[in-house]
Amino acid sequence: DDKIFIKLSEKNLNKIIEVNQKIPFIITQKILKKYTFNKPSFIYLSSSRGFIGAKGAAIYSATKNALEGFARSMAMEYGSLGANFRVVRLGLFKGGLKENFIKKKDTKKILDQTSNNKYTNVKELINLINFISDDTASNGSSIKCDNGYF
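Overview of the structure. (Residues numbered from 1 in each chain as written. Predicted model: local features only at pLDDT ≥ 70, side-chain atom pairs only at ≥ 80, totals over all residues. Heavy atoms only, no water.)

The next thing to look at is the overall build of the protein chain. Within the protein chain one finds five helices and three strands. Along the chain direction, N to C, the helices and strands of the protein chain fall in the order α-β-α-α-β-α-α-β. The principal-axis extent of the C-alpha atoms belonging to the protein chain is close to 50 × 40 × 20 Å. Counting over 150 residues, the protein chain shows a buried share of 38%. Here the analysis covers contacts within the protein chain between residues at least 6 apart in sequence; of these, 70% occur between residues at least 24 apart. Accessible surface, the protein chain: about 9400 Å² in total, of which carbon and sulfur atoms supply 58%. Separation of charge centres in the protein chain, based on 25 positive and 13 negative side chains, amounts to 3 Å. (Helix = DSSP H or I, 4+ residues; strand = E, 2+ residues; numbered from the N terminus. Buried < 20%, exposed > 50% of the residue type's maximum accessible area, 1.4 Å probe, protein only. Contact = heavy atoms within 4.5 Å. Areas by Shrake-Rupley, 256 points an atom, 1.4 Å probe, with all protein chains shown as cover. Lys, Arg positive; Asp, Glu negative; His and termini not counted. Charge placed at Lys NZ, Arg CZ, Asp CG, Glu CD.)

With that settled, consider the sheet that holds strand S1 (residues 41–47). What the three strands build is an open sheet, ordered S1-S2-S3; its pairing is parallel. Each edge of the open sheet is held by one strand with a lone partner, namely S1 and strand S3 (142–145). Taking each pair of neighbouring strands and ignoring which way they run, the sheet shows an average axis angle of 25°. The strands touched by helix H1 (residues 10–35) within the sheet are S1 and strand S2 (84–90), with S1 carrying the most contacts at an inclination of about 175°. Those strands touched by helix H5 (residues 122–133) are S1, S2 and S3, and its axis lies near 155° from that of S2. (Pairing = 2+ DSSP bridges. Axes fitted to C-alpha atoms, helices over the stretch in contact; angles between N-to-C directions.)

Below, the structure written as structure tokens:
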């Protein structure tokens, strides 16, 4: 739930932090404890909106940017063991939550801000993830998947 910062309840603040930071951190920790020497590859989903910021999304932006710092630090800590950490910054996504809340009259205006006038789709995301999964040169990096939005 995005809200203006001063109106954000502590309950919602904790929920955003738990979903966007705590859960990925805990899952990573559990996998690393068991599979460190199997050269695991972690790909965290972030947000283009979280990267640039938006009115009513201060905590969301902060937590999504935290994933990028986390991936870079984890690459430094575990990269020499063969573990890889990357972040994919999603933009407007076909079937995504925000797409369901965009008013029809605003859709054209928003899509006009993308490089090819369309939402990103699942196939494009999967292709990108497959491409970066084996790329050790991008360890600790983030990449946008948003059809040039923003």
